[in-house]
Amino acid sequence: MNTKQVKEVKSLLNKPKNIVIVTHWSPDGDAMGSSLGLYNYLIQKKHKVTVITPNDYPSFLFWLAGNNKVIDFSKKTKPAKTAVAKADLIFCLDFNSLKRIDSLGVEVAKSNAIKFMIDHHLQPEDFAQYMLHDIKACSTCELIYDFIKLMGDKKALNKNIANCLYTGIMTDTGSFRYPSTTSKTHRIIAELIDAGAENGDIHNRIYDGNTEGKIKLLGFSLSEKLTVMKDFKTAFFSLTAAELKKYNYQKGDTEGVVNYALSIEGIRFAAFFVERDGIIKTSFRSKGTFDVNLFARTHFTGGGHKNAAGGMSELTMEKTINKFVDLLPAYKKQLNSSK
Ligand code: 5GP
Ligand code: MN
């Protein structure tokens with residue numbers, strides 16, 4: 001956003017508006033933290049704000065302030081459509097292609113509202129009049145903090161906003177350990193704590209609410225399903241719908257498990273395949289120069305960041321895994337030199 005655009009957006013937000021906030025399919029901590037962080041900021045400015053998700057999200061995010069007002073498009077399609085149709089302004093957070101919000105994207109594309117994308121993923125598509133886009137930002141929550149500051153409203157940061165933004169920064173940086181974490185990230189975190197973010201409690205609420213099933217599913221995945229291919233510095237595992245059912249799977253139970261495969265010494269590329277909603281959802285992670293965004297885009301109709309990306313496959317689980325394993329030799333050199 002240049003200075004002229006900042007001025008335009010400031011004047012847009014000067015009078016109460018109908019605002020819709022949408023975020024990506026299967027929202028994570030950053031998606032919900034940024035959406036509800038922005039929600040809690042905009043309601044202070046007397047706007048009428050509706051947060052819409054394309055589908056449901058993990059219960060460990062339900063404590064975020066404003067969560068009870070969120071509309072799930074897949075369950076409450078009619079009120080969600082009405083809110084989008086009435087909107088003067090639509091914020092698109094933590095995604096940059098309307099495909100990422102599934103059929104909700106059709107409604108957003110149809111709407112005459114001014115669109116504003118705030119995002120940190122690679123290769124943004126051109127559908128918004130305003131963009132606050134930075135692939136160097138550790139999270140969309142970091143950009144929401146920047147946005148509030150750009151609007152000259154740093155004083156508006158309160159406990160609710162601070163808790164939401166802390167959550168997204170914490171989850172998208174793997175608790176401040178990925179290379180995307182900068183001194184700026186830590187400075188923002190310090191300010192959020194000063195504004196009331198309950199940092200210790202947030203870690204507990206997000207990471208220590210595990211069910212017995214989730215922990216046993218993790219144990220099963222690691223002991224029975226993990227394949228390590230040392231020649232390719234690759235490790236992967238998969239879970240079928242039947243395996244999820246056996247461990248009483250709840251939304252969010254497999255979030256982050258791919259990182260266990262990446263944590264093995266010498267591994268530079270990790271993948272996780274899970275059968276969900278009749279398709280195979282893929283998660284890719286890498287260390288160093290190996291570009292999983294490109295890999296996901298090229299082979300699994302996905303995308304994301306250089307070291308963390310996702311995608312999908314409509315093949316069976318067995319065929320998806322065979323496809324993945326068959327691709328590895330072509331990447332052997334890249335994988336072995338990924339520093
Ligand atoms: P995860 O593996 O945790 O689902 O996603 C890792 C990263 O890739 C996240 O930043 C997420 O937004 C992105 N991502 C996951 N799935 C997809 C997808 O199907 N398409 C695109 N473009 N990005 C994805
Ligand atoms: Mn994010």
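### Points about helix 5 (residues 140-150)
- Along helix 5, nine of the 11 residues are buried, which leaves the element largely enclosed by surrounding structure.
- Buried within helix 5 we find Thr140, Cys141, Glu142, Leu143, Ile144, Tyr145, Asp146, Phe147 and Ile148.
- Two residues or fewer past helix 5, Gly152 is found with a positive phi of approximately 75 degrees.

### So, the sheet that holds strand 12 (residues 308-313)
- Taken together, six strands build an open sheet; the order of strands is 7-8-9-10-12-11 and the sheet is mixed. The open sheet terminates on both sides in strands that have one partner only, identified here as strand 7 (227-229) and strand 11 (303-304).
- Contacts between helix 13 (residues 317-336) and the sheet are confined to strand 7, strand 8 (234-239), strand 9 (269-276), strand 10 (279-286) and strand 12, with strand 9 contributing the most and set at about 165 degrees to the helix.

### Regarding the coordination of the manganese ion (ligand 2)
- Within the protein, the atoms that donate to the manganese ion (ligand 2) are Asp30 (OD), Asp94 (OD), His120 (NE2) and Asp172 (OD), at distances of 2.1 to 2.4 Å.
- Along the chain, the residues that donate to the manganese ion (ligand 2) are spaced as D-x63-D-x25-H-x51-D. Remark: His120 occurs in the loop between strand 5 (114-119) and strand 6 (130-133) and Asp94 occurs in the loop between strand 4 (89-93) and helix 4 (104-110); sequence separation between them is 26 residues.

### Considerations on helix 9 (residues 212-224)
- Given a rise of 1.5 Å per residue, 13 residues ought to cover 18 Å, and the 18 Å separating the end C-alpha atoms of helix 9 matches this to within 8%.
- The set of residues buried in helix 9 consists of Gly213, Lys214, Leu217, Leu218, Phe220 and Ser221. Buried residues of helix 9, seen end-on, are gathered within an arc of 165 degrees and therefore sit on one face of the element. Exposed residues pointing more than 90 degrees away from the buried face of helix 9 are listed as Glu212 and Ser223.
- Lining the buried residues of helix 9 we find strand 8, helix 10 (241-246) and helix 11 (258-262).

### Notes on the site of ligand 1
- Contacts to ligand 1 come from 13 residues, most closely from Arg100, His121, Lys281, Ser283 and Arg285.
- When ligand 1 is considered free in solution it has 500 Å² of accessible area, and contact with the protein chains removes 79% of it.
- Mapped onto the shell around ligand 1, the elements with two or more residues apiece are strand 10, strand 11 and strand 12.
- For the shell around ligand 1, the per-class residue count stands at two nonpolar, eight polar and three charged.

Conventions and cut-offs
Residues numbered from 1 in each chain as written. Chains lettered and ligands numbered in written order. Predicted model: local features only at pLDDT ≥ 70, side-chain atom pairs only at ≥ 80, totals over all residues. Heavy atoms only, no water. Buried < 20%, exposed > 50% of the residue type's maximum accessible area, 1.4 Å probe, protein only. Helix = DSSP H or I, 4+ residues; strand = E, 2+ residues; numbered from the N terminus. Pairing = 2+ DSSP bridges. Contact = heavy atoms within 4.5 Å. Axes fitted to C-alpha atoms, helices over the stretch in contact; angles between N-to-C directions. Donors = N, O, S within 2.8 Å, 3.2 Å for Na, K, Ca; no water. Expected span 1.5 Å × (residues − 1). Arc of directions from axis to C-beta. Near = heavy atom within 4 Å. Areas by Shrake-Rupley, 256 points an atom, 1.4 Å probe, with all protein chains shown as cover. Nonpolar A, V, L, I, M, F, W, Y, C, P; charged D, E, K, R; others polar.

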